[in-house]
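Okay, here's what each chain looks like letter by letter:
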Amino acid sequence: MTGHQDSQRHLRRALTEDLHQGSVALVTGGGTGIGRAVALELARCGADIVLVGRRSKPLAATAADIETLGRRALAITADIRDDDHICSVVTRTLEKFGRIDTLVNNAGGQFAAPAESISSKGWRAVHRLAVDAAWSLTREVAVQTMIPQRAGVIFFMGFSPRRGITSMVHATSARAALENLAAGLALEWSRFGIRSICVAPGTISTDGLQQNYTEEARQKWATSVPMGRLGTPEDVATAIAFLASDAASYITGTTIVIDGGSDAWGAGHPPPGRSMPIDFDFDARQ
């Protein structure tokens with residue numbers, strides 16, 4: 001057993017099967033990647049899960065896996081950029097489960113491009129999903145259930161390294177806004193018993209990353225990580241499962257970096273020269 005596998009085994013043991021017993025978690029982008037891993041980990045810890053995304057097939061597959069764990073799952077195909085869809089998601093969730101205890105704003109998307117090539121339309125598309133949609137859903141969940149029940153945990157997804165990333169200024173600025181949003185909501189909503197946390201993963205080896213990038217590219221990224229490997233969706237999922245629990249009840253308004261030390265090191269490569277290669281695209285992490 002490798003050191004990484006051993007650490008995963010011990011962490012899983014620490015997260016007991018009744019850690020989230022009786023709670024309900026809503027995960028956007030829950031059909032694939034990090035979102036799927038988070039949904040499954042929360043289910044293993046006893047939570048019922050609502051999966052939201054634009055593609056029905058992966059949502060249904062993840063819902064089926066959750067049900068094999070003995071938990072209830074509700075898969076909702078929706079576009080959270082649409083306010084009517086958001087209202088429908090929250091209404092359907094409350095009709096089935098009656099509450100929402102954990103909200104994981106995982107959905108996101110971006111593309112790689114030099115800053116001077118990013119149009120206003122492209123900029124707005126990234127910010128509309130990463131920031132505007134996350135805020136609209138967060139507000140609806142808070143108003144409809146978390147504020148009345150005086151409890152809840154809200155997660156936003158940032159980036160690591162927590163600074164500018166080559167060819168990704170639209171996406172990094174959007175994720176920086178989410179860090180600030182998590183902090184601001186903690187100041188305002190702690191009086192309602194609501195915690196808000198930004199989680200900033202590094203480069204995560206999702207199926208999408210493995211399918212869309214060569215082994216050489218993945219190894220290059222791994223060399224910039226002090227721990228010597230890329231992260232896994234489970235690395236992020238187990239951290240969120242802990243942070244969503246009562247064991248982390250004094251953690252709010254902050255950013256938790258899950259990146260093997262990449263944020264401490266920085267980009268890990270020489271700065272871009274005059275002919276800047278476009279070789280970073282973090283969309284697959286979502």
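Being a predicted model, the structure only gives us computed values, none of them experimental.

What counts, and at which threshold
- Residues numbered from 1 in each chain as written.
- Predicted model: local features only at pLDDT ≥ 70, side-chain atom pairs only at ≥ 80, totals over all residues.
- Heavy atoms only, no water.
- Helix = DSSP H or I, 4+ residues; strand = E, 2+ residues; numbered from the N terminus.
- Buried < 20%, exposed > 50% of the residue type's maximum accessible area, 1.4 Å probe, protein only.
- Contact = heavy atoms within 4.5 Å.
- Expected span 1.5 Å × (residues − 1).
- Arc of directions from axis to C-beta.
- Polar contact = N/O pair within 3.5 Å; in protein donor to acceptor, adjacent residues only side chain to side chain.
- Pairing = 2+ DSSP bridges.
- Axes fitted to C-alpha atoms, helices over the stretch in contact; angles between N-to-C directions.
- Salt bridge = Lys/Arg side-chain N within 4 Å of Asp/Glu carboxyl O.

Asks: Teacher, can you tell me more about the side chain of Thr 138 here?
Replies: Mapping Thr 138 onto the fold places it in helix H5 (residues 120–149). With a relative accessible area of 0%, Thr 138 lands in the buried category. Ignoring any residue separated from it by four or fewer positions in sequence, one finds Thr 138 in contact with Leu 103, Asn 105, Ile 154, Phe 156, Leu 185 and Trp 189.

Asks: Can you walk me through helix H4 (residues 83–97) in this structure?
Replies: With 15 residues, H4 should reach 21 Å at 1.5 Å per residue; the first-to-last C-alpha distance of 21 Å fits that figure. All of the buried residues along H4 are Ile 86, Val 89, Val 90, Thr 93 and Phe 97. Looking straight down H4, one finds its buried side chains confined to an arc of 90 degrees; they lie on one side. Counted as exposed and oriented over 90 degrees from the buried face of H4: Asp 84 and Glu 95. The inward-facing, buried residues of H4 contact strand S1 (24–28), strand S2 (48–53), strand S3 (73–77) and H5. Taking the backbone nitrogen of Asp 84 as reference, a side-chain oxygen 2.8 Å away marks Asp 82 as the first, capping residue of H4. Following H4 by one or two positions, Gly 98 has its phi on the positive side, about 85 degrees.

Asks: Help me understand the sheet that holds strand S5 (residues 152–157), please; the structure alone is not making it clear to me.
Replies: The pairing of strands in a sheet comes from backbone hydrogen bonds and takes either a parallel or an antiparallel form. One open sheet holds the 7 strands; their spatial order is S3-S2-S1-S4-S5-S6-S7, and the pairing between them is parallel. In the strand order of this sheet, the two ends are held by S3 and strand S7 (255–258), each with one partner. Averaged over all neighbouring strand pairs, the angle between strand axes comes to 15 degrees, with direction disregarded. Taken together, the 6 bridges between S5 and strand S6 (residues 194–201) define a ladder with parallel strand orientation. Following the sheet pairing, Met 157 is matched in S6 by Val 199. Across the sheet, H5 is in contact with S1, strand S4 (102–105), S5 and S6; its angle to S4 comes to roughly 175 degrees. Across the sheet, helix H9 (residues 233–243) is in contact with S4, S5, S6 and S7; its angle to S6 comes to roughly 165 degrees.

Asks: I'm lost on the pattern of salt bridges in this one. Help?
Replies: Note on pairing: side chains with opposite charge can pair once their charged atoms come close. Overall, the coordinates contain 10 salt bridges when judged by the stated rule. The closest approach of N and O atoms between Arg 162 and Glu 179, which form a salt bridge, is 2.6 Å. Note that Arg 162 is positioned in the loop between S5 and helix H6 (169–189) and Glu 179 in helix H6, a separation of 17 residues in sequence. Beyond isolated ion pairs, a larger network of salt bridges with shared partners links Asp 48, Arg 71 and Arg 72.

Asks: Got a minute to help me understand H6 in this structure?
Replies: What sets the pattern is the α-helix's 3.6 residues per turn: residues three or four places apart point alike. Taking 1.5 Å of rise per residue, the 21 residues of H6 would be expected to cover 30 Å, and the 30 Å separating its terminal C-alpha atoms lies within 8% of that figure. Buried residues along H6 sit in contact with H5, S5, S6 and S7.

Asks: Can you walk me through the pairing of S6 in this structure?
Replies: Two faces make up the sheet, and in a regular strand the side chains alternate between them. Counting buried positions over the 8 residues of S6 gives 8, a clear majority of the element. Judged from the 4 bridges that link them, S6 and S7 form a sheet pairing that is parallel. In the strand pairing of S7, Pro 201 is matched with Ile 258.

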